[in-house]
Each structure stands twice: as structure tokens, then as C-alpha cells.
Amino acid sequence: MPRWVIYLIFAAGGLLILLFCLCVCIKCCCKGKKKKRQKNEQINMKGVDGKTATALVQPDVWDVDYGSTTEQRGKLLYSLEYNATLSELIVGIKQANNLKAMDLGRSSDPYVKVYTVPEKSKTYETKVFKSTLNPVFNEMFTFQLSKSTLLKSTVVMKVFDFNRFTKHEIIGELRVQLCDIDRNHVIEEWQDLAEPAKFEEENLGEICFSLRYVPTASKLTVVILEGKNLKSMDFGGSSDPYVKVQLALDKRKWKKKKTSIKKKTLNPYFNESFTFDVSFDQIQRVNLVISVWDHDAMTRNDAIGKVFLGCDATGNQLRHWADMLSNPRRPIAQWHSLLSAEQVNSTLALKKKVPLPTRLKENNPLFEKHFK
């Protein structure tokens with residue numbers, strides 16, 4: 001045989017031996033890693049109770065929908081007390097626990113909205129608590145309900161996650177039928193939050209506006225920015241919205257202005273500014289009413305919804321007002337969900353216009369010209 005053939009045979013044999021050894025080494029390494037991983041898993045799971053294991057061990061993709069499909073939304077501690085003499089139902093929102101995280105930071109900014117149905121005459125809101133899943137509210141709200149009305153009413157407590165520039169997301173809700181409660185005793189209990197009912201209250205839309213107060217100049221500036229998802233009031237499924245901006249001083253109508261009319265839209269953009277002269281003493285006694293209306297050329301204009309801020313406001317409205325006062329000369333913008341005109345009117349209970357001083361009436365020729 002030629003010498004080069006012999007060299008070729010030895011080279012091929014050596015290559016086969018080398019490949020065989022390499023395969024054996026790879027197999028041994030994989031087996032060692034597998035045993036080590038199993039051992040580590042056994043060590044890590046020792047001493048772990050069921051609750052911790054649930055938090056640490058993620059289910060496989062095909063196991064996600066297996067078993068209970070109830071989403072955990074947290075618990076709410078509330079109280080109910082009925083005063084038959086005064087026909088008053090007192091609802092206490094005490095605290096919440098283990099709320100569902102709605103923000104990217106695995107937290108929420110919770111608050112609670114409270115009202116009764118079917119007679120939804122008033123809606124209350126608690127304060128907003130920032131970055132917590134265990135807020136302590138300790139707030140009480142009073143509803144005027146006769147005994148006959150009480151028996152057919154339901155208290156609704158909705159927990160929301162506050163967002164200044166987007167729609168507030170609902171975390172969960174409780175509905176307590178008052179016909180089932182013991183009216184002779186104060187009820188205080190924890191309950192799991194449930195998924196929001198499908199028969200949610202009518203959505204009237206949202207309005208975004210900014211507030212700015214300059215104490216040194218006694219100027220209150222309201223900028224109506226835009227609305228979205230307004231309720232359609234016309235047959236064509238649209239509306240012709242405009243906004244009224246009204247100030248009420250000491251529960252009496254005081255000053256008002258309004259925006260231009262936007263034709264055939266449920267998402268109007270206004271960006272219109274209004275400035276009022278309001279002294280520092282008056283700003284502590286004033287309420288600001290923002291109402292959205294549908295313009296009709298032939299018939300009476302219809303109110304789409306309202307919201308009010310100021311000294312008598314609660315919840316998000318009070319928070320917006322407080323942010324304005326604590327940041328003088330700085331515009332503070334926020335979205336607000338519209339409430340029905342009946343709700344706002346009954347809660348605010350405005351009287352007639354602020355009476356003019358007697359001296360002003362007697363000495364002002366403009367008053368005599370226009371009002372006599």
C-alpha cells in the first residue's frame with residue numbers, strides 16, 4: 001500500500017476516537033448539571049409554606065386556566081348603621097387590604113366611590129391614597145333614606161385606581177342589599193371585592209380642565225381643555241357640546257361663563273380659558289361647577305353631565321382643588337368623570353344668586369338701568 005494511504009487511515013481512526021471521547025464528555029456534563037439543578041430545587045423548596053409557594057412558583061402556560069378562575073381583587077372593611085329617627089343611613093369606609101395592583105410599580109392609588117341604587121341621589125368619594133395596596137380610609141358618609149326606600153335599596157362601594165391624566169380603572173366593588181341587614185345594630189365586616197357588575201351606571205363621559213390660582217392677584221383661571229366619550233344626545237348618535245363654568249359663593253350662584261359650541265362630536269376640543277376675580281377669603285368659600293351641555297337650536301339645551309370642585313367637594317374633585325391651592329400660580333390639569341346633573345344639584349343645593357350689597361344697589365346707575 002502507498003505510504004499516503006496508511007497515513008490517511010491513521011488520521012481517520014484518530015478523528016473517530018476524538019469524536020467519541022467528545023460525545024462522552026458532553027453527556028457526562030449534562031447529566032451532572034441536571035442532578036445539580038434538581039438538588040437546588042429541592043433545597044429551595046424546603047421550609048416554604050403554601051402561601052409563599054404560591055407567590056414564588058409561577059404556573060406553566062397550560063395550567064393558567066386550570067382550577068379557580070376568580071381574580072383576587074382584595075378586601076374592603078365597611079360599616080353600616082341606620083338611624084330610624086332621622087331616616088339616615090351611615091356608610092363607613094374603613095380600610096382595604098391586599099388590593100389588586102393596577103400600576104406598573106406593582107401598586108395602586110386607591111379611593112372608594114359610594115352611592116345607593118336605585119335612587120342614586122348622591123355619590124361620595126373618599127380621599128386618594130398614593131402607592132399603597134392597604135389604605136386606611138376611616139371616612140363616613142350619610143344618605144337620607146326612609147324605611148320603605150331602605151328595604152329596596154343597595155349600597156354600592158367601588159374601589160378605583162386614581163390616574164390624573166387617564167381614565168380611572170376600577171379594582172373591584174361591593175354591593176350590599178339593605179333589605180338583608182339588621183337595622184337595629186351597627187354592622188362592620190370584611191368582604192372580598194367582586195368583579196364590577198355588567199350593569200354599570202350610565203357613562204356620561206369625561207372632561208379635562210386645568211385650574212390656576214394666583215393669590216397676589218386674586219385671579220382664578222379655568223382652562224377647559226377637552227372632553228371625551230360624551231353621552232350622545234341627538235338622534236344621529238352625536239351631540240353639539242359646550243361647557244358652562246360657574247362659581248358659587250356661600251352656596252349661592254355667583255359668576256358664570258361658557259365655551260363655544262362644538263358641532264357633532266362626542267370628543268370636543270376646546271382649549272378655552274376663563275379668568276375670575278376671587279379674593280383669598282372667597283376662594284375658601286367658593287365652589288366651581290363645570291357642566292357639559294348639548295346645544296339645540298329649536299328646543300331647550302340638555303345637560304349631559306356635571307362635576308363640581310371647591311370647599312364642599314370630596315374625593316378626586318377635592319384633591320384637584322387642594323392641589324391647585326397648594327401650588328399657587330401653577331396650572332393643575334386633571335380628567336374628571338361626569339356625574340348626572342341631578343346628583344350634583346342635590347349634593348350642592350345651590351340657592352339664588354349672591355345678593356348685591358344695598359349700598360351698591362342704591363348708588364350704581366347701571367344696576368338701576370338693568371335690574372329695575
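It should be emphasised that the depicted structure is a prediction, and the values quoted were computed from it without experimental measurement.

**Some details on the overall build of the protein**
Line of reasoning, step 1. A tally of regular secondary structure across the protein gives eight helices and 16 strands.
Line of reasoning, step 2. Split into buried and exposed, the 372 residues of the protein put 38% on the buried side.
Line of reasoning, step 3. For the protein, the share of sequence-separated contacts (at least 6 apart) that also reach a separation of at least 24 residues comes to 65%.
Line of reasoning, step 4. Split by element, the accessible area of the protein, about 22,800 Å² in all, is 56% carbon and sulfur.

**Describing the nonpolar core**
Line of reasoning, step 1. Core analysis: the largest hydrophobic core is formed by 28 residues, its most contacted members being Ile207, Leu220, Val222, Ile224, Val245, Ile290 and Trp321.
Line of reasoning, step 2. Listed by contribution, the elements that provide at least two residues to this core are strand S9 (206-214), strand S10 (219-228), strand S11 (241-249), strand S13 (269-277), strand S14 (286-294), strand S15 (302-310) and helix H5 (315-326).
Line of reasoning, step 3. Setting aside chain neighbours within four positions, we find Trp321 in contact with Leu211, Leu220, Ile283, Val286, Leu288, Leu309, Gly310 and Cys311.
Line of reasoning, step 4. Residues Ala96, Tyr124, Leu178 and Leu193 belong to the second largest nonpolar core, which totals 27 residues.

**Examining the sheet that holds strand S8 (residues 187-192)**
Line of reasoning, step 1. An order of S5-S2-S1-S8 is seen for the four strands of this open sheet, with the pairing classed as antiparallel. A strand with exactly one partner marks an edge of an open sheet, and here the two such strands are strand S5 (136-144) and S8. Between one strand axis and the next, the sheet turns by 20 degrees as a mean value, whatever way the strands run.
Line of reasoning, step 2. As defined by bridge partners, strand S1 (residues 75-83) adjoins S8 across six bridges and the pair is classed as antiparallel. Bridging from a neighbouring strand, Leu77 pairs with Trp190 of S8.

**Some remarks on the side chain of Thr221**
Line of reasoning, step 1. Positionally, Thr221 belongs in strand S10.
Line of reasoning, step 2. A distance of 3.4 Å separates polar atoms of two side chains, one belonging to Thr221 and the other to Thr275.
Line of reasoning, step 3. Apart from the residues within four sequence positions on either side, Thr221 is in contact with Ser210, Leu211, Arg212, Ser273, Phe274 and Thr275.

**A few points about unusual backbone geometry**
Line of reasoning, step 1. One non-glycine residue, Arg106, lies in positive phi territory at about 60 degrees.
Line of reasoning, step 2. Tracing the sequence through the fold places Arg106 in the loop between strand S2 (88-97) and strand S3 (110-117).
Line of reasoning, step 3. According to the relative accessible area criterion, Arg106 is exposed, its value standing at 63%.
Line of reasoning, step 4. Unlike most non-glycine residues, Arg329 shows phi in positive territory, near 70 degrees.
Line of reasoning, step 5. Within the element layout of this structure, Arg329 appears in the loop between H5 and strand S16 (332-337).
Line of reasoning, step 6. Judged by its relative accessible area of 46%, Arg329 is partly exposed.

The rules behind the values
- Residues numbered from 1 in each chain as written.
- Predicted model: local features only at pLDDT ≥ 70, side-chain atom pairs only at ≥ 80, totals over all residues.
- Heavy atoms only, no water.
- Helix = DSSP H or I, 4+ residues; strand = E, 2+ residues; numbered from the N terminus.
- Buried < 20%, exposed > 50% of the residue type's maximum accessible area, 1.4 Å probe, protein only.
- Contact = heavy atoms within 4.5 Å.
- Areas by Shrake-Rupley, 256 points an atom, 1.4 Å probe, with all protein chains shown as cover.
- Core = buried A, V, L, I, M, F, W, Y, C linked by side-chain atoms within 4.5 Å.
- Pairing = 2+ DSSP bridges.
- Axes fitted to C-alpha atoms, helices over the stretch in contact; angles between N-to-C directions.
- Polar contact = N/O pair within 3.5 Å; in protein donor to acceptor, adjacent residues only side chain to side chain.

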